[in-house]
Each structure stands twice: as structure tokens, then as C-alpha cells.
Amino acid sequence: FFFNDTATTEIYTRSLVGSVRCVQETAILEAFVAKLKELKHEVVVRDLYALKFNPILGGEDFAAYSLHKVPADIEEEQKHIAWCDTLLFIYPMWWLGMPAIVKGYIDRAFTYGFAYTVIGGKPTGILTTKKVLVVNTQGNSKEAFEKDVWPAINKTSNWGIFEFSGMKMIDHVYLAAVPYVPAEVRKAYLAQIEGIAAKLAQIQRFTFTLKKFASRFFQILAWVRLTQQMEIFHSSIPSLYF
């Protein structure tokens, strides 16, 4: 058995270049990458703007799917999703939701037959070995959004997309009032991110250790069963020939 125990794919997008939120989002990305690499994780970053990712689920996509084909750009993204153990989404909250490019990424990459299927008439997630962590920046305060907005987003994003696809939510982190808080608060946000990255590494390492133990256990169990079967076989030989 082979387990990709320390693999993380980061899906990243940002606010207006040069803005305080963009600087913070870039710093969040860099903090995650630095901490995870320090802890010996493999990390792949997919910067959707830098990739010029096409977020439009168009007729060409449906035409390809009807022929049981996957568009080349989506096949590339699905390879990264399949490769990793954990997906990390970093993006700003716009209009109480995802930026269009992130939503388009999900629309196009989380396809039927890859992210979910239908069994017995019920949608069933396929990405059951994956974990996901989401980090959002926002302009409004924690007090304004914590009671009503965050639970609504958790319902539509965490449950409606990621858990629907079979993935396990590690956390959905909201960093509030980023353009308006003092610099020391933004530094505290980055310290929080580094702590989350370290915790993520621990979770991944524990999961790998558990999988490795389970793999070894079942190998031993298979060997014991084979030995027992061989003993039974050898004990039956005299009755076959005498």
C-alpha cells in the first residue's frame, strides 16, 4: 500500500492587488506554505488568477462530458485534488460568498463521477479520503457576521459542497475586518494560521501512522491466515494418499 501522507493542495485567490486584504491573503498563503514545508509536507499551490483559470462551466464542458471525456484544464486540476490528502482554500469573502473564480473552480472540477455519484437514487460523495480547510478574509466585523452569516456560509459551502463530496471539514476560519484592524491584529491572524498549519501537520501525521499500522496489521493477518491454510492443507495430505 502507498499513502501520500503529507500532501496538501492549496487553492488560492485574492482581493484587489495591492489592497490590505490582498497583502493579508498572500501572507496567509506564504505562512501556510512555509510551516507545512518546515514540517516536511509536500505542497502544491494553485493560484487561480495566476493560472488564468477559466471559471465558466460552458457548453464545451458538457459536450466533453457527454462523450465521457474531461476538458484538459479540469483533468489537470482533478489530478492535483486526487494527489493530495488535504485541500486548503484561501479566498476573500465577496457578497457573503466565494469569488466567482473559486465557485467556477468547484463547478468545473467537482464533477459527477469524480466528486460525487448517485447510488440508489441518492447523491453520494466520492472524495471520502480527502480533508479540507477553508480560510476566508472579510471586511466586516466578527460581531456583524458571526451569528447569522457564518452559519449560513458553513451550510452552503462546508456541508453543501465539501461534505456533499464526501470530504471531511477540518475547519472554516474567518478572519474579520482585515482592512481595518491594527497591524498587530493582522500579525495575530498570521500566528493563528501558523498554529492551524502545525495542527494540520499533526493530523496528517497521525492519519498516516494509523494507516501504516492498519496496513501492517492486515499484512500480518493475511500471513497468519495463509499459514493456517497451509497447515490445514499439509495435514490433509495423508488422507488423500493413504
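Below or above, wherever it landed, is the structure these notes cover. (Residues numbered from 1 in each chain as written. Predicted model: local features only at pLDDT ≥ 70, side-chain atom pairs only at ≥ 80, totals over all residues. Heavy atoms only, no water.)

**Details of the pairing of strand β4 (residues 116-119)**
Both β4 and strand β5 (residues 122-125) contribute to a ladder of four bridges, which runs antiparallel. Bridge pairing in β5 places Ile119 opposite Lys122. Counted along the chain from β4 to the antiparallel partner β5, the turn is two residues long, and its residue Gly120 has a positive phi close to 60 degrees. (Pairing = 2+ DSSP bridges. Helix = DSSP H or I, 4+ residues; strand = E, 2+ residues; numbered from the N terminus.)

**Remarks on the nonpolar core**
Among the nonpolar cores identified, the biggest contains 25 residues, and Ile81, Phe89, Phe110, Val132 and Phe162 are the most heavily contacted of them. Of all the secondary-structure elements, those providing two or more residues to this core are α3 (72-83), β3 (86-92), α4 (100-109), β6 (131-137) and α6 (149-163). Per element, the largest residue contribution to this core is five residues, and it comes from α4. If sequence neighbours within four positions are ignored, Phe110 has contacts with Ile81, Phe89, Tyr105, Ala115, Tyr116, Ile161, Phe162, Ser165 and Met167. (Core = buried A, V, L, I, M, F, W, Y, C linked by side-chain atoms within 4.5 Å. Buried < 20%, exposed > 50% of the residue type's maximum accessible area, 1.4 Å probe, protein only. Contact = heavy atoms within 4.5 Å.)

**Let's talk about unusual backbone geometry**
Note on backbone geometry: most residues besides glycine have negative phi, and most peptide bonds are trans. Notably, Lys52 is not glycine yet its phi reads approximately 55 degrees, a positive angle. Examined against the element boundaries, Lys52 turns out to sit in the loop between β2 (42-47) and α2 (59-66). With a relative accessible area of 73%, Lys52 lands in the exposed category. If you check the backbone angles, Trp95 has positive phi at about 50 degrees while not being a glycine. Note that Trp95 resides in the loop between β3 and α4. The class of Trp95 is exposed, set by a relative accessible area of 89%.

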